[in-house]
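# Report on the structure
Now for the letters of each chain:
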Amino acid sequence: MQLMKNKKLLIALALVLCVTLSGCGKEAKGNEEEHNVILPVVSQGQQTQEEQKPQIPVVSEEESYKTMLVNITHPIAKDYTMELVTVAGYKMDVRAAEDMRLMLDDAKAEGLDPIICSAYRSVDRQITLFNNQVKKQQGYGLNYDEAFEKAKTVVAYPGTSEHHTGLAADIVARSHQVLDDSQENTAEQKWLMENSWKYGYILRYPSDKCDLTKIIYEPWHYRYVGKEVAQYLYENDLCLEEYWLQLADMDPEKYGYILEEITPEQIVPKQEPQPAPQPEQPPVEETPQDSVILDDSFTQEQQQAAAEQGADSGDQTVENTVTSDDTGITDATPAEELPVDETITEDAIV
Ligand SMILES: [Zn+2]
């Protein structure tokens, strides 16, 4: 009897053990499946995505000027105003000025000698520069339309230059005051390219972003975007256009508007075609009225200002639609030739 009891007990134990093991086995298998198939793929994938996709810094409404996009398809708003102060003889937005001073001072402390050669430029002044260029091209025998289109490849179209923001400055080495690719070889430019982000500035038109910026490589043009965004753009090798594309992708409802392009002519329209100047008549001696291509939205005062003689622009070799954001200074031209615009007032900004 005792033996039978033991046998039954053994069988019962075996059954329990079997069921337990079987259950454990299923559970283990289930966990294994979950572990091998579901969990790792999802969790690791999410982690990898998060690791690869850094958080896009977004500025507050109050600081929206920092990331303001001004380019050929996004002209500056006519009613945009800012407070201007002088930095090293050039006017800049007060909100970007202190960091610019700091950057220049720190570069000098390193034994370098960077100097600003252009900063804030009013829309009116840009109109003058543009009209001078149109006339110059007409003087070469082009009709008005041809001259107008040619001028757009040499001089930034009024309203589309980042210099209108007061947040951009052209900086060159004192020992090499030349605005061409060779500027990148100066010790000053190397230092600026490596360190400007620490002061909230970015090299705005890098050599590998021309298709996005529509501006030629300009190893001298720096734009204030604030320290947080500057660091993000620098570390992720992005230009400002790419930053906006990322924002539009992240929140189309809020930032998608940036994908809408505005034709610059909507801001400063073309005037009626004019006859080309007589060959014997130098373009600079044209009457002021001939140089104005303004619509009624500009005041008489602004038209007069635009008609004033401004610095002339030289030729610059450009390809396709890529142009320069800078005018008046071209290769082999001393950088200081563009004088500070003494007529600048906040009211003049359109
Ligand atoms: Zn510039």
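Check the entry above for the structure.
Everything numeric here is computed off the predicted structure, so don't read it as measured data.

## Concerning the overall build of the protein chain
Secondary structure summary: the protein chain contains 10 helices and 6 strands in total. When the 350 residues of the protein chain are sorted by exposure, 36% land in the buried category. Long-range contacts, defined as pairs at least 24 residues apart, comprise 73% of the intrachain contacts of the protein chain with a sequence gap of at least 6.

## A closer look at unusual backbone geometry
For Lys-214, which is not glycine, the phi dihedral falls at a positive 65°. At Asp-237, a residue that is not glycine, the phi angle is positive and equals roughly 55°. Positionally, Asp-237 belongs in the loop between α7 (227-236) and α8 (240-250). Owing to 10 C-beta atoms within 10 Å, Asp-237 belongs among the exposed residues under this scheme.

## Focus: the packing of helix α3 (residues 123-139) against helix α4 (residues 144-152)
The angle between the axes and the distance between the axes are what describe a pair of packed helices. One can describe the packing of α3 onto α4 by two numbers: an axis separation of 8 Å at closest approach and a directional angle of 130°. Taken as axis vectors, α3 and α4 run oblique relative to one another. Between α3 and α4 the crossing geometry is right-handed. Within the contact between the two elements, α3 uses Phe-130, Gln-133, Val-134, Gln-137 and Gln-138 and α4 uses Tyr-144, Ala-147, Phe-148, Lys-150 and Ala-151. Here the residues of the contact of α3 with α4 are counted per class, giving 6 nonpolar, 3 polar and 1 charged.

## Description of the nonpolar core
Soluble globular proteins tend to bury their nonpolar side chains together. Judged by nonpolar contacts, the single largest core of 39 residues is most densely connected at Met-92, Met-100, Ala-169, Tyr-201, Ile-202, Tyr-222 and Leu-233. With 6 residues, helix α2 (residues 94-109) is the largest single contributor of residues to this core. Ignoring sequence-local partners within four residues, the contact set of Tyr-222 consists of Ala-168, Ala-169, Ile-171, Leu-192, Ser-196, Tyr-201, Ile-202, Leu-203 and Arg-204. Counting 13 residues, the second-largest nonpolar core is a separate cluster that includes Phe-130, Ala-147, Val-155 and Ala-156.

## With respect to the pairing of strand β1 (residues 84-87)
Here β1 runs beside strand β2 (residues 90-93); their pairing, made up of 4 bridges, is antiparallel. Bridge pairing in β2 links Val-85 to Met-92. What sits between the antiparallel neighbours β1 and β2 is a turn of 2 residues, in which Ala-88 has the positive phi angle 50°.

## Structural notes on the environment of Val-85
Tracing the backbone shows Val-85 in strand β1. Residue classification places Val-85 among the partly exposed residues on the basis of 17 C-beta atoms within 10 Å. Residues Val-85 and Glu-98 lie 13 residues apart in sequence; the distance between their C-alpha atoms is 9.8 Å. Those residues in contact with Val-85 that sit more than four places away from it in its chain are Met-92, Val-94 and Ala-97.

## Looking at α3
It helps to recall that an α-helix has 3.6 residues per turn; residues three or four apart then point in one direction. Taking 1.5 Å of rise per residue, the 17 residues of α3 would be expected to cover 24 Å, and the 24 Å separating its terminal C-alpha atoms lies within 8% of that figure. Counting buried residues along α3, 16 of its 17 residues qualify, which places the element largely inside the surrounding structure. Among the residues trailing α3, Gly-141 stands out with phi positive, at a value near 105°.

## Digging into the sheet that holds strand β5 (residues 201-203)
Strand-to-strand pairing in sheets goes through backbone hydrogen bonds, with the strands running parallel or antiparallel. Taken in spatial order, the 4 strands line up as β3-β4-β6-β5 in an open sheet, and their pairing is antiparallel. Each of the sheet's edge strands pairs with one partner strand only, and the pair in question is β3 (114-118) and β5. The sheet shows a mean angle of 40° between the axes of neighbouring strands, direction not considered. Strand direction decides the pairing type here: β3 and strand β4 (residues 168-173), joined by 4 bridges, are antiparallel. The residue bridging Ile-115 from the neighbouring strand is Val-172, located in β4. Sitting on the sheet, helix α5 (residues 187-195) is in contact with β3, β4, β5 and β6 (221-224), with an inclination near 140° to β4.

Conventions adopted
- Residues numbered from 1 in each chain as written.
- Predicted model: local features only at pLDDT ≥ 70, side-chain atom pairs only at ≥ 80, totals over all residues.
- Helix = DSSP H or I, 4+ residues; strand = E, 2+ residues; numbered from the N terminus.
- Buried ≥ 20, exposed ≤ 12 C-beta atoms within 10 Å, placed from the backbone.
- Contact = placed C-beta atoms within 7 Å.
- Axes fitted to C-alpha atoms, helices over the stretch in contact; angles between N-to-C directions.
- Parallel < 35°, antiparallel > 145°, perpendicular 65-115°, else oblique.
- Left-handed = near helix turned anticlockwise from the far one by under 90°.
- Nonpolar A, V, L, I, M, F, W, Y, C, P; charged D, E, K, R; others polar.
- Core = buried A, V, L, I, M, F, W, Y, C linked by C-beta atoms within 7 Å.
- Pairing = 2+ DSSP bridges.
- Expected span 1.5 Å × (residues − 1).

Don't take any of this as a statement about function, it's just geometry.
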